[in-house]
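Listed below are the residues making up each chain.
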Amino acid sequence: LTQRRSFTEDYCRAAGLDFWEDPTNFLRGQDDPLRTQVRHRVLPMLQEVLGDRVIDALGRTADLARRDEEALAGWAAMALSRNPDLDCTQLADLPLAVLTRVLRLAALSAGAAGGELSRLHLDDCARLVTDFHGQGPLQLPGGIKLSRQSGKLVFSPLQTPDGKEPKR
């Protein structure tokens, strides 16, 4: 992210290295993938309004966000290892950014479908800790149920009406 494409291409040419060009880089229509539209429409507009340094600033921001994510993910992994039975009193002491990462890790470990587990799901899970008022269990992608029982969060397989676990 810290190097411009032109620099990378020039470096590869000088070093005699082949590089691959993504064909979507050359698309220019309304129906193109969003990342292509951002590259060809939004970034040039940002440069026009904010100047050429905006690209470098976005790269620095992405680097800071990556560092923050690494720290929060590490904190979440440590918090889960110290509270594997998901005691809500302990979970409630965590900042929301860490709590939702703990809940994501626990849900994935329980078999939730990671690609379908959204922020909205995790926000609902967090409310079982931060705003519990007797609400019932949550259904998570991948055939997983999350409930609060005796002050702890419990992940379990969903049961179909015939009493069997759904196919995953």
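Report follows, based on the coordinates. (Residues numbered from 1 in each chain as written. Predicted model: local features only at pLDDT ≥ 70, side-chain atom pairs only at ≥ 80, totals over all residues. Heavy atoms only, no water.)

**Things to note about the pattern of salt bridges**
Line of reasoning, step 1. Under the defined criterion, the tally for this structure stands at nine salt bridges.
Line of reasoning, step 2. Close ionic contact of Arg 13 with Glu 9 constitutes a salt bridge, the shortest N to O distance being 3.9 Å. Linking Arg 13 with Glu 9, this pair stays in helix H1 (residues 5-14), spanning four residues, or about one helical turn.
Line of reasoning, step 3. Each of the salt bridges in this network shares a partner with another, and the network as a whole consists of Asp 63, Arg 66, Arg 67 and Glu 70. (Salt bridge = Lys/Arg side-chain N within 4 Å of Asp/Glu carboxyl O. Helix = DSSP H or I, 4+ residues; strand = E, 2+ residues; numbered from the N terminus.)

**Considering the pairing of strand S2 (residues 144-149)**
Line of reasoning, step 1. Strand direction decides the pairing type here: strand S1 (residues 138-140) and S2, joined by three bridges, are antiparallel. Bridging across to S2, Leu 140 finds its partner in Ile 144.
Line of reasoning, step 2. Between S1 and S2, which pair antiparallel one after the other, the connecting turn spans three residues, and Gly 142 there sits at a positive phi close to 100 degrees.
Line of reasoning, step 3. Across six bridges, S2 lies against strand S3 (residues 152-157) in antiparallel orientation. (Pairing = 2+ DSSP bridges.)

**What about the sheet that holds S2?**
Line of reasoning, step 1. If you walk across this open sheet you meet the three strands as S1-S2-S3, and the pairing is antiparallel. Each edge of the open sheet is held by one strand with a lone partner, namely S1 and S3. Across the sheet, the axes of successive neighbouring strands diverge by a mean angle of 30 degrees, strand direction being ignored.
Line of reasoning, step 2. In the packing of helix H6 (residues 119-130) onto the sheet, the strands contacted are S1, S2 and S3, and the crossing angle to S1 comes to about 145 degrees. (Axes fitted to C-alpha atoms, helices over the stretch in contact; angles between N-to-C directions. Contact = heavy atoms within 4.5 Å.)

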